[in-house]
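Chain by chain, the residues:
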Amino acid sequence: MKGIEIADSLFQQRSYKEAMEIYQENYQLGIYSPAMLLKMSFISEGIGDKEHATLYLSKYYDLSPNTQTISKIKSLTGQSNLVGYEVSDSERFILFLVEYQEIMVGLLSVFLLISLILLWTNSKGASGSRVYWPSLLLILLIFVANNFLKAPKTALITQSPTMIVSKPTAGGELVDRVEPGHRVKIKSSKDIWYEVEWKNQKAYIKKDNVTRL
C-alpha cells in the first residue's frame, strides 16, 4: 500500500485523481487524519461530487469540530440549519481516545510487560496484594480499551428526500422529511432500518438513505 506521504506529494503536484486513489485506499482501512479528510473533500468538491465532499467534511468535524466546517457543509448541501452536529465534551473525549486507541493499547501493553518483569523479579518477600494489583489494573485497562472503547455510531443523510418515521415499517408515522447533510446517531439495526436519535427522540430511517461515518 502506498503511503499517505506519496498521496500528499501528488496532491501538491495537483495530480488529484492519483492522490485520491491512495487516500481512498487508506480511508477504507480506517487510516486517515483531519488533513487527509480535508484534501479528500476538496478533491470531491472539485469534480462535482458534493455528496462525498460533505461525507469527508462530516467525518472531519468529528475529529475537529468548528463553525467553519459547519458553514462549508451548509454551503455544499444548501441547508440553512443542520441537525446532528452537536458534540458533547464527553463524546469528544471518547473520539480522542478512539483515535489514539492503538497507541494507547500499545503503551499499556509495554507497561504490563514491565510490571510482569518486576513482579517476577521482586515477588520474593513482598506481600501479595501490593505485588499483583498494578498488573491486574493494566490487564483490566487493556481489556476495556480493546473491547469497550468505541466511537458513537453516526451516519450522514445522503438521499433526497429522506423520510424519518416513528416505526420501522412503511406505515410508520412521519416524524420528519429532510434533505441531505443532517446527521443521526445510530442506536441499533433492524432489517432495512436503523433506529436513530433524531432531535432527542427515537425514530427510524432506511439504511439506503444514509452513509455510515
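The structure we're discussing is the one just above.
Just so it is clear, the structure is predicted and the values come from calculations on it, not from any experiment.

Caption draft 1: Here's a closer look at the packing of aromatic side chains. Applying the stated rule across the entire model yields six aromatic pairs. With 5.8 Å between their ring centres and 65° between their planes, F11 and F42 make a pair best called edge-to-face. With F11 in helix α1 (residues 4-12) and F42 in helix α3 (residues 34-46), the pair connects residues that are 31 residues apart, well separated along the chain. By relative accessible area, F11 is classed as buried at 13%. Judged by its relative accessible area of 46%, F42 is partly exposed. Note that K39 overlies the ring of F11, its terminal NZ or CZ placed 5.6 Å from the centroid. Over the ring of Y85 we find R183, and its NZ or CZ is 4.6 Å from the ring centre.

Caption draft 2: Representation of unusual backbone geometry within the structure. Looking along the chain, the bond that leaves S160 and enters P161 is cis, with omega of -10°. Relative to the elements of secondary structure, P161 occurs in the loop between β1 (154-157) and β2 (162-165). Phi at D191 takes a positive value of approximately 55°, unusual for a residue other than glycine. Along the polypeptide, D191 turns up in the loop between β4 (183-190) and β5 (193-198). With relative accessibility at 64%, the residue D191 sits in the exposed group. Although it is not a glycine, N200 sits at a positive phi angle of roughly 65°. Looking at N200, the relative accessible area reads 72%, which means it is exposed.

Caption draft 3: Highlighting the pairing of β4. Summarising the sheet, β1 and β4 pair through three bridges and their orientation is antiparallel. From the neighbouring strand, T154 faces β4, where its bridge partner is K185. Bridge analysis of β4 against β5 gives five bridges, and the strand direction is antiparallel. Each residue of the ladder has a partner; that of K190, found in β5, is W193. Linkage of β4 to β5, two consecutive antiparallel strands, is achieved through a turn of two residues, within which D191 is found at a positive phi near 55°.

Caption draft 4: Main features of the pattern of salt bridges. By the definition in use, this model includes five salt bridges. Among the salt bridges present, the one from K39 reaches D8, with a minimum N-O distance of 3.1 Å. Taken together, the residues K39 in helix α3 and D8 in helix α1 connect sequence positions 31 residues apart. Here K199 and D176 are joined by a salt bridge, their closest N and O atoms 3.1 Å apart. Highlighted residues: K199 in the loop between β5 and β6 (201-206) and D176 in strand β3 (residues 174-178), separated in sequence by 23 residues. Judged by its relative accessible area of 49%, K199 is partly exposed.

Caption draft 5: Molecular detail of the nonpolar core. In terms of nonpolar packing, the biggest core is built from 26 residues, with Y23, Y27, M36, M40, Y56 and Y85 touching the most fellow members. Of all elements in the fold, only α1, α2 (16-28), α3, α4 (50-63) and α5 (67-77) reach the threshold of two or more residues within this core. Contacts of Y56, omitting those with residues within four sequence positions, involve M20, Q24, Y27, L37, M40, S41 and S44. One finds V83, I157, V178 and A203 within the second-largest nonpolar core, a separate group that totals 13 residues.

Caption draft 6: Representation of a nonpolar patch on the surface in the model. A cluster of nonpolar side chains, contributed by F93, F96, Y100, I103, L107, V110, F111, I114 and L118, occupies part of the molecular surface with about 890 Å² of accessible area. Counting residues per element, the ones that place at least two in the nonpolar patch are α6 (89-99) and α7 (101-122). The element that contributes the greatest number of residues to the nonpolar patch is α7, accounting for six residues. Tracing the chain through its elements places L118 in helix α7. Residue classification places L118 among the partly exposed residues on the basis of a relative accessible area of 46%.

The rules behind each value
- Residues numbered from 1 in each chain as written.
- Predicted model: local features only at pLDDT ≥ 70, side-chain atom pairs only at ≥ 80, totals over all residues.
- Heavy atoms only, no water.
- Phe/Tyr/Trp six-rings, centres within 6.5 Å; stacked < 30°, edge-to-face > 60°.
- Helix = DSSP H or I, 4+ residues; strand = E, 2+ residues; numbered from the N terminus.
- Buried < 20%, exposed > 50% of the residue type's maximum accessible area, 1.4 Å probe, protein only.
- Lys NZ or Arg CZ within 6 Å of the ring centre and 35° of its normal.
- Pairing = 2+ DSSP bridges.
- Salt bridge = Lys/Arg side-chain N within 4 Å of Asp/Glu carboxyl O.
- Core = buried A, V, L, I, M, F, W, Y, C linked by side-chain atoms within 4.5 Å.
- Contact = heavy atoms within 4.5 Å.
- Patch = residues over 30% accessible without salt bridge, like charges linked within 9 Å, V, L, I, M, F, W, Y side chains within 5 Å.
- Areas by Shrake-Rupley, 256 points an atom, 1.4 Å probe, with all protein chains shown as cover.

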